[in-house]
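Coordinate inspection notes
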Amino acid sequence: MSRAYNIAVVGATGAVGEEIFRILEEHNFPVGEILPLSSARSAGSEIECCGRKFKVEELTETVFDGRDIDIAFFSAGGSVSARFAKYAVEAGAVVIDNTSHFRMDPDVPLVVPEINPEDIGLWRETGIIANPNCSTIQMVLALKPLYDLYGDIKRVDVSTYQATSGAGKSGMEELVRQMQDFFAFKLDESKHEAFLHQIALNVIPQIDAPQPNGYTKEEMKMVNETNKIMHSDIAVSATCVRVPVLRSHSEAVTVTFPEGVEVDVDKCRLALSEFPDVEVQDDLEHGIYPMPITATDSDITYVGRIRRDLFAPNILHMWVVADQLRVGAATNAVRIAEKWIDLEEV
């Protein structure tokens with residue numbers, strides 16, 4: 001990287017925005033100036049990144065004008081991206097969007113850099129690169145080495161155990177508040193606003209809006225995004241569940257390979273362990289497997305409980321855990337930016 005790049009972060013004071021600043025610093029990203037943007041409510045506060053402080057400004061239609069922004073990270077919700085991303089593009093920035101708004105647009109690349117970095121080059125069509133859903137990212141990072149090992153995947157069935165941080169700061173705060181109320185013997189008085197139901201001491205088998213087919217919007221994201229990223233036609237079925245965990249998503253994934261494939265667990269472990277940014281933790285006898293508490297604050301996707309199905313030799317089961325604020329959002333976005341720079345500087 002031969003020069004510094006001016007960065008804008010929309011949603012600078014949110015959970016993902018804060019992680020982006022941390023990761024830019026940790027990755028020694030070639031940061032020039034930083035323009036932190038938020039709603040009027042948070043404007044005027046300060047963020048710190050790379051040893052410097054920057055004042056948060058209000059996001060407006062003209063805020064990008066004359067600012068010479070190279071890369072604009074959007075992490076403030078789909079409606080914000082829908083309205084404001086075009087102004088960043090018009091001002092000359094490449095937009096890396098963390099919301100769902102552009103993901104299935106056929107002209108917008110949907111990228112996990114370890115899997116389809118070549119798609120980044122399509123950014124010139126719209127000036128936008130989409131960051132996939134957090135649950136999709138960690139799943140496809142575990143699927144791709146297995147897909148390459150056996151040449152195809154016929155079907156994937158996944159159940160997610162998604163942390164409250166997937167709903168942002170308000171989700172985490174609601175869990176903490178309800179647990180405090182529980183220990184104060186007043187949980188029955190505790191309000192729920194971030195989630196449809198009480199999340200403390202509970203699991204909620206609904207994330208996002210119901211769809212006519214009986215699935216939720218979150219579940220359909222995993223179905224559709226997986227195949228766009230992997231350029232595949234895998235049959236995917238997802239059940240997405242919110243659990244009372246602060247941070248890092250877990251997934252129970254069942255992979256069905258084509259008829260005639262006989263899964264070799266040792267070869268699967270090796271393929272996973274050799275794939276970039278994936279680590280195998282799989283020693284059931286000694287209690288070693290991925291967990292949210294050990295995956296948090298990491299940029300690695302962890303895979304364990306790897307085993308062949310008892311009744312069908314072409315089926316593999318595994319347990320996948322990653323910090324969705326990092327791997328599933330901020331880290332993936334920064335990795336996209338790094339790859340984008342590599343392409344631009346060739």
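The paragraphs below set out a description of the structure included in this document. (Residues numbered from 1 in each chain as written. Predicted model: local features only at pLDDT ≥ 70, side-chain atom pairs only at ≥ 80, totals over all residues. Heavy atoms only, no water.)

What to know about the overall build of the chain
We count it as follows: Secondary structure elements follow DSSP: runs of H or I of four or more residues count as helices, runs of E of two or more count as strands, with numbering from the N terminus. The atom set for the radius of gyration is the C-alpha atoms, and the globule formula is 2.2 Å times the number of residues raised to the power 0.38. Burial classes follow relative accessibility: with a 1.4 Å probe on protein chains only, a residue under 20% of its type's maximum area counts as buried, one over 50% as exposed, and anything between as partly exposed. Only heavy atoms enter the contact rule, under which two residues are in contact if any of them lie within 4.5 Å. Areas reported as accessible are Shrake-Rupley estimates using a 1.4 Å probe. Residue values count occlusion only from the protein chains shown. Residues counted as positive are Lys and Arg, residues counted as negative are Asp and Glu, and His and the chain ends are not counted. For this purpose, a charge sits on NZ of Lys, CZ of Arg, CG of Asp or CD of Glu.
Across its full length, the chain holds 8 helices and 14 strands. Here the chain has a C-alpha radius of gyration of 20 Å; the compact-globule value for 346 residues is 20 Å, and the two agree. Counting only C-alpha atoms, the chain reaches 65 × 60 × 40 Å along its principal axes. Within the chain, the proportion of its 346 residues that are buried is 54%. Within the chain, contacts between residues separated by at least 24 positions form 67% of all contacts whose residues are at least 6 apart in sequence. For the chain, the exposed area adds up to about 15300 Å²; of that, 50% sits on carbon and sulfur atoms. Between the averaged position of the 31 positive side-chain charges in the chain and that of its 54 negative side-chain charges there is a distance of 3 Å.

A word on the packing of aromatic side chains
For the record, the criterion: Centres within 6.5 Å are what make two rings of Phe, Tyr or Trp a pair, Trp counting through its six-membered ring; a difference in plane orientation under 30 degrees is then read as stacked, over 60 as edge-to-face, and the rest as tilted. Placement of a charge over a ring requires the Lys NZ or Arg CZ to be within 6 Å of the ring centre, with the centre-to-atom vector within 35 degrees of the ring normal.
A complete count under the given rule lists 7 aromatic pairs for this structure. On the basis of an interplanar angle of 80 degrees and a centroid distance of 5.6 Å, the ring pair of Trp-123 and Trp-340 is categorised as edge-to-face. With Trp-123 in the loop between strand S7 (94-97) and strand S8 (128-130) and Trp-340 in helix H8 (residues 326-344), this pair connects stretches of sequence that are 217 residues apart. For the pair Trp-123 and Trp-340, one class covers both residues: buried. Of note, Arg-3 hangs over the ring of Tyr-5, and the distance from its end group to the ring centre comes to 4.0 Å.

Let's talk about helix H5 (residues 217-230)
Note the cut-off: The span expected for a helix works out to 1.5 Å for each residue beyond the first.
In this model, H5 (14 residues) spans 20 Å end to end at C-alpha, consistent with the 20 Å of a helix rising 1.5 Å per residue. Burial within H5 is extensive, with 11 of its 14 residues counted as buried. Residues of H5 that are buried in the fold lie against helix H3 (134-150), strand S9 (155-162), strand S10 (235-242) and strand S11 (249-256). A positive backbone phi angle near 50 degrees is found at His-231, which sits one or two residues after H5.

What to know about the nonpolar core
What counts, and what does not: Only buried residues count toward a nonpolar core, which is a set of Ala, Val, Leu, Ile, Met, Phe, Trp, Tyr and Cys residues joined through side-chain atoms within 4.5 Å.
Counting residues in hydrophobic clusters, the biggest one holds 62 residues, and the most contacted among them are Phe-64, Ala-72, Phe-74, Leu-143, Val-253 and Met-318. Ranked by the residues each element gives to this core, the list is headed by H3, at 8 residues. Dropping the residues within four chain positions of it, Phe-64 is found in contact with Ala-8, Val-10, Leu-37, Leu-59, Ile-69, Ala-72, Phe-74, Phe-84, Tyr-87, Ala-88 and Ala-91. Formed by 34 residues, the second largest nonpolar core is a distinct cluster that contains Ile-47, Cys-49, Ile-96 and Ile-336.

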